[in-house]
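Chain by chain, the residues:
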Amino acid sequence: MNSQERLVNVLKGNKPDRIPWAPLIDGYFLSSLKEKKIEMNAVELLRYIGADILERHVPTYSDILMMGSSNMIYINSKNIIVQENIKITTNLNEKSGEIFNIYETPIGTIKEKYVFTKASPWLPFPVEHKIKRKEDLKIYKYLLENITPKPNFENFQKEVDYIGNDGLATASGPSTPIMRLLQRDMGIETFYYYFYDYPIEMEEILDIMHERNKKIYHIIIKSPAKVIIDYENSSTTLFSPKIFENYCLNQINKYADIVHKAGKIFLTHMCGKLDNIIDLLSQGRQDGITDISPPPTGDLQISKALKVLGRTKVVSGGIDATAFTQLSVDDVKEYVKDLLEQIKSTDHFILGSGDATPYGTPLENLKAVTEVVRNYKL
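Since we're looking at a predicted model, the values are computed, not measured.

Q: Quick rundown of unusual backbone geometry? Include the residues and the values.
A: Most peptide bonds take the trans configuration, and most residues that are not glycine carry a negative phi. Residue Pro 296 is reached from Pro 295 by a cis peptide bond, and omega for that bond is 5°. Looking at where Pro 296 falls in the secondary structure, it is placed in the loop between strand S12 (288-292) and helix H11 (302-309). Phi is positive for Lys 37, close to 65°, though the residue is something other than glycine. By secondary structure assignment, the location of Lys 37 is in the loop between helix H2 (27-35) and helix H3 (42-49). Overall, Lys 37 belongs to the exposed group, its relative accessible area being 75%. Look at Asn 233: it is not a glycine, yet its phi comes out positive at around 55°.

Structure representation (structure tokens):
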């Protein structure tokens, strides 16, 4: 089998010739290579280490409201966009790495600020959220209802052709509304205060965001993408199991239904602490859970994830970030061999990184995983 066939077989529930090895490579890791004067894009890097390519975050739409999303096509510095009665001004200070966005509407203005740092050199980190006052909810609602995401398929087919039989290009879908608000537009503290203090207003916002997300998924399924990934970054450090059930699980299932009707594969990126919601995860209608992090970064062992979820879902991940960065080449090999021994199966499993491959991971450690996978006999 070539890499594309191997990945497709697993993602469709069929048996591959060997366990696929597809770490999440993004700008976070690639930026550390630049410091070493190594210039490679994600596909080149995955080819170099001999992995099965599962390229992430290939854009299929643009949404000027959702700065900071993995699908985002960043707006040029000092660009001004006028849509309907909305004026959006964005300014990137390349020296400080700060991005300022101002959203002016007929009913008021909200602002946000992001910053690129060494710890987050690819996705900017929010340091000032859109929603800071109750009055901002009305403005945010106006933006949700009046800014329309647009298809952007131009480069996707080029990536498909570029990867060829070496793997798959994947599209990113919007996360559930609650995860967007928690991580980007409100922050944890403000979200939960408002969630309980202003339940009517917050439920309305969450419903509008969900309907808007469904429209975006209807855009994505028209793209050439065969695999769509919702980057939830789920973790019980952000929500209780009950909140996950009511405000994530149900919404994810709706997105899965849209994707499945188009005959495509839907995965959810969940990289945090998941052990306390694993039974709820089994109720999800997505085809798989990607980039699962074991301890110490997460709290779910990949062997347990496969035992509970592997009958109906693909599970990917399993190599913790600390193993990539702290172990020697020989220790990485032993780590991976031990992991594979715990699994003892090629069914419903893609070996990968727990969340993104971390900044500073030695290339030799990634190539060591390839060596183990290719030589491993079940």
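Q: Residue-level account of the nonpolar core, with values.
A: With 99 residues, the main nonpolar core has Trp 21, Leu 181 and Leu 351 as its most contacted residues. Counting residues per element, this core draws most heavily on helix H9 (residues 241-261), which supplies 10 residues. When sequence neighbours within four positions are dropped, the list of residues in contact with Trp 21 reads Ile 49, Gly 50, Ala 51, Asp 52, Ile 319, Phe 324, Leu 351, Gly 352, Leu 366, Val 369, Thr 370 and Val 373. One finds Val 10, Ala 22, Leu 54 and Val 314 within the second-largest nonpolar core, a separate group that totals 15 residues.

Q: So what about the sheet that holds strand S10 (residues 227-231)? Which residues, and what values?
A: Judged by pairing direction, the sheet is parallel, and its seven strands sit side by side in the order S1-S9-S10-S11-S12-S13-S14 without closing on themselves. Because the sheet does not close on itself, it has two edges, and the strands there are strand S1 (53-55) and strand S14 (349-353). Taking the axes of each pair of neighbouring strands and ignoring which way they run, one obtains an average angle of 30° across the sheet. Pairing of strand S13 (residues 314-319) with S14 involves five bridges; the strand directions are parallel. Residue Gly 318 lies in a different strand from S14, and its bridge partner there is Gly 352. Running at roughly 155° to strand S9 (residues 167-173), helix H5 (residues 156-163) makes contact with S1 and S9 of the sheet.

Q: Go over the packing of aromatic side chains with me, naming the residues and quoting the values.
A: The tally for this structure, following the rule as stated, stands at 10 aromatic pairs. The interplanar angle of 25° and the centroid separation of 5.3 Å between the aromatic rings of Phe 191 and Phe 195 together place this pair among those described as stacked. Of this pair, Phe 191 and Phe 195 both sit in helix H7 (residues 188-197), four residues apart, which is roughly one turn of the helix. Its relative accessible area of 0% is what places Phe 191 among the buried residues. Note on Phe 195: relative accessible area 10%, which makes it buried. An aromatic cluster is defined as three or more aromatic residues linked by ring pairs; in this entry it consists of Phe 191, Tyr 192, Phe 195, Tyr 196 and Tyr 247. Its guanidinium or amino end placed over the ring of Tyr 162, Arg 47 lies 5.1 Å from that ring's centre, counting from NZ or CZ.

Q: Could you give an account of the pattern of salt bridges, naming the residues involved and the relevant values?
A: Taken as a whole and judged by the stated rule, the model has 22 salt bridges. Residue Asp 17 is joined to Arg 6 by a salt bridge in which the shortest nitrogen-to-oxygen separation is 2.7 Å. Taken together, the residues Asp 17 in the loop between helix H1 (3-11) and H2 and Arg 6 in helix H1 connect sequence positions 11 residues apart. When its relative accessible area of 45% is taken as the criterion, Asp 17 is described as partly exposed. Among the residues examined, Arg 6 registers a relative accessible area of 5% and is labelled buried.

Q: So what's going on with the packing of helix H8 (residues 199-220) against H9? Which residues, and what values?
A: Relative to each other, H8 and H9 sit at 20°, their axes nearing to 9 Å. Judged by the angle between their axes, H8 and H9 are roughly parallel. Viewed along their axes, H8 and H9 form a crossing whose handedness is right-handed. Side by side, H8 and H9 meet where Glu 203, Leu 206, His 210, Asn 213, Lys 214, Tyr 217 and His 218 of the first sit next to Tyr 247, Gln 251, Lys 254, Tyr 255, Ile 258 and Val 259 of the second. Taken together, the residues of the contact of H8 with H9 sort by class into six nonpolar, four polar and three charged.

Calculation rules
- Residues numbered from 1 in each chain as written.
- Predicted model: local features only at pLDDT ≥ 70, side-chain atom pairs only at ≥ 80, totals over all residues.
- Heavy atoms only, no water.
- Helix = DSSP H or I, 4+ residues; strand = E, 2+ residues; numbered from the N terminus.
- Buried < 20%, exposed > 50% of the residue type's maximum accessible area, 1.4 Å probe, protein only.
- Core = buried A, V, L, I, M, F, W, Y, C linked by side-chain atoms within 4.5 Å.
- Contact = heavy atoms within 4.5 Å.
- Pairing = 2+ DSSP bridges.
- Axes fitted to C-alpha atoms, helices over the stretch in contact; angles between N-to-C directions.
- Phe/Tyr/Trp six-rings, centres within 6.5 Å; stacked < 30°, edge-to-face > 60°.
- Lys NZ or Arg CZ within 6 Å of the ring centre and 35° of its normal.
- Salt bridge = Lys/Arg side-chain N within 4 Å of Asp/Glu carboxyl O.
- Parallel < 35°, antiparallel > 145°, perpendicular 65-115°, else oblique.
- Left-handed = near helix turned anticlockwise from the far one by under 90°.
- Nonpolar A, V, L, I, M, F, W, Y, C, P; charged D, E, K, R; others polar.

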